[in-house]
Amino acid sequence: MLKDNKITKVKLFDSDHGTLGAFAGSNIEVMVAIPNDQLAAMNDYSRAKSWVKKNVTRFHFNGGVDIKYVAVGNEPFLSSYNGSFLNITLQALKNIQNALNAAGLGSTVKATVPQNADVYQSPSDNNVPSVGRFRSDISDLMTQIVQFLAQNNAPFTVNIYPFLSLYGNDNFPIDYAFFDGGHDVVDNGITYTNVFDANFDTLVSALNAIGYGNLTIFVGEVGWPTDGDISANMSYAISFYNGLLPRLVSNRGTPLRPTYIEVYMLALIDEDAKSVQPGNFERHWGIFRYDGQPKFPMDLSGNNNGLYLVGAKDVAYHAKQWCMLNTIANDFTKLGDNINYACTFADCTPLGYGSSCNGLDDIGNASYAFNVYYQTQNQAIEACDFQDLAVLTTDNISQGNCNFTIQIATTASSPPRLASKSLVFLTLVMLLEKEEFQPSIKVNGRRRSVITNLIEG
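Residues numbered from 1 in each chain as written. Predicted model: local features only at pLDDT ≥ 70, side-chain atom pairs only at ≥ 80, totals over all residues. Heavy atoms only, no water.

Draft legend 1. Quick look at the overall build of the protein. The secondary structure content of the protein amounts to ten helices and 16 strands. Long-range contacts, defined as pairs at least 24 residues apart, comprise 69% of the intrachain contacts of the protein with a sequence gap of at least 6. Accessible surface, the protein: about 19,500 Å² in total, of which carbon and sulfur atoms supply 46%. (Helix = DSSP H or I, 4+ residues; strand = E, 2+ residues; numbered from the N terminus. Contact = heavy atoms within 4.5 Å. Areas by Shrake-Rupley, 256 points an atom, 1.4 Å probe, with all protein chains shown as cover.)

Draft legend 2. Fine view of the state of the cysteines. This structure, assessed with the given rule, holds three disulfides. Each sulfur in the disulfide pair Cys343 and Cys348 lies 2.1 Å from the other. Classification of the bridge connecting Cys343 and Cys348 rests on its S-S torsion, roughly -85°, and on that basis the disulfide is left-handed. Since its relative accessible area comes to 11%, Cys348 is described here as buried. Once the disulfide-bonded cysteines of the protein are ranked by sequence position, their pairing pattern turns out to be 1-5, 2-3, 4-6. (Disulfide = S-S within 2.5 Å. Buried < 20%, exposed > 50% of the residue type's maximum accessible area, 1.4 Å probe, protein only.)

Draft legend 3. Quick look at the packing of helix H3 (residues 89–102) against helix H4 (residues 139–151). At a minimum axis distance of 10 Å, the contact between H3 and H4 shows a crossing angle of 10°. By the angle between their axes, H3 is roughly parallel relative to H4. Contacts between H3 and H4 involve Leu90, Leu93, Lys94, Gln97 and Asn98 from the former and Leu141, Gln144, Ile145, Phe148 and Leu149 from the latter. Partitioned by chemical class, the residues of the contact of H3 with H4 number six nonpolar, three polar and one charged. (Axes fitted to C-alpha atoms, helices over the stretch in contact; angles between N-to-C directions. Parallel < 35°, antiparallel > 145°, perpendicular 65-115°, else oblique. Nonpolar A, V, L, I, M, F, W, Y, C, P; charged D, E, K, R; others polar.)

Draft legend 4. Just the pairing of strand S11 (residues 217–222), in detail. Burial analysis of S11 places six of its six residues in the buried class, which makes it a mostly covered element. Here strand S8 (residues 156–159) runs beside S11; their pairing, made up of four bridges, is parallel. Bridging from a neighbouring strand, Asn159 pairs with Glu221 of S11. Handedness of the crossover joining S11 and strand S12 (residues 262–265) through helix H7 (residues 234–250): right-handed. (Pairing = 2+ DSSP bridges. Right-handed = clockwise from strand over helix to strand, strands pointing away.)

Draft legend 5. Representation of the environment of Lys9 in the model. With respect to the secondary-structure elements, Lys9 resides in strand S1 (residues 9–11). Each C-alpha atom, one on Lys9 and one on Glu29, is 4.4 Å from the other, the two residues being 20 residues apart in sequence. A distance of 3.2 Å separates the side chain of Lys9 from the side chain of Glu262, its partner in a polar contact. (Polar contact = N/O pair within 3.5 Å; in protein donor to acceptor, adjacent residues only side chain to side chain.)

Draft legend 6. Local environment of the packing of helix H2 (residues 45–55) against H3. At a minimum axis distance of 9 Å, the contact between H2 and H3 shows a crossing angle of 60°. Overall, the two elements H2 and H3 adopt an arrangement that is oblique. Relative to H3, the crossing made by H2 is right-handed. Mapping the contact onto sequence places Tyr45, Ala48, Lys49, Trp51 and Val52 in H2 and Asn95, Ile96, Asn98, Ala99, Leu100 and Ala102 in H3. Taken together, the residues that form the contact of H2 with H3 break down as eight nonpolar, two polar and one charged. (Left-handed = near helix turned anticlockwise from the far one by under 90°.)

Draft legend 7. Spatial organisation of unusual backbone geometry. The linkage connecting Leu266 with the following residue, Ala267, adopts the cis geometry, with an omega of 10°. One non-glycine residue with positive phi stands out, namely Asn153, at about 55°. If you trace the backbone, Asn153 turns up in the loop between H4 and S8. On the accessibility criterion, Asn153 (64% relative accessible area) is exposed. Even without being a glycine, Phe386 presents a positive backbone phi close to 50°.

Draft legend 8. Representation of helix H8 (residues 335–344) within the structure. What H8 keeps buried is the set Leu335, Asn338 and Ala342. Taken around the axis of H8, the buried residues stretch over an arc of 65°, which confines them to a single face. Counted as exposed and oriented over 90 degrees from the buried face of H8: Asp337, Asn340 and Thr344. If you follow the buried residues of H8, they end up packed against strand S13 (322–325) and helix H9 (362–376). (Arc of directions from axis to C-beta.)

If you want it as structure tokens, here you go:
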């Protein structure tokens, strides 16, 4: 599937060997990652060396995995983390890069720290890019990180989410989240027509302010979710990507960086067990559905050449049967408890306000919850009981835009479970030396049995 879509780079959220092995001999560049909960361990140089040996050097051979970057943590300085990783990230970064250097890989494999855009900001009374600075509480730490990245020719990686500017902010100008114009911000003679450019250039200004204005910047994540919120829908996602992709192809960059920018697009496939603490939309960033089929037509060339997304091939599904509310059950007093149980162990986010299944009636809501749990459990017969409140049907009970899914058939050795980590992020890269648009990807260990099949397919 990756090769069918000419995806040339992937970015993982961990270093799972089953996932990594799928890329051996593929000529697909890979970024592996160290999760935040392992940063403390990486402060021990011997453990950092062991990690590099196990997860990078091991795969570095002719016909192996083309690992190019190691992501040390992910957005570790988020304000919501209350400083949990402030004292351990820099040393972890240093130890990993130094371990790569000691292993003879430092010239080709670079360590970086993907940051959230909240590590920099402009004053509230002068909110323009040119006065961007690193957050005051981490300014010294960010300067040290930037200096180390520069010394090792490693990129600064930042995640930018125009959707989040719009999410929960009724006063944010909706046109500014997209690329079609309609809202302008003028900064020292420069006109910004979208928040992506403005956000990126705020970082450029912050880097300029500490003397590293030429440091390479990667955009580690950008995208638009398709469900889980009133602003997370197919129409907005299509508009966003129709504006983003041609910009990447054109290499026009931003006003302060009018050149090629490497951008990782979030995400390849939806993640049905990702934390919804930021919002229900977190499980719906994929441009492909859970089964590897495109959600909507997207031309990755960015040139309207008709090179639309190619879905996963030979995907096997369970039987065409659904679990629904038994409307003639004798006792409905425990219906609420059973719905809560189903939604605790399966993904009911499409039922939320503004989401694709928000318009269902009470029967539909219960049926959706029961079915998504039943499918998550690989259609185990006992998973459609709910104290005699559920019944099986062979009639497709989907309604309008609300899809009652049938789960992918897993192997006999794969236990029924929800995904526990994020799966795949698509990276769109326009290589300067080529005329052809080159997508890349970002993978982690969600549904590993499924991802291996998709990649091999």
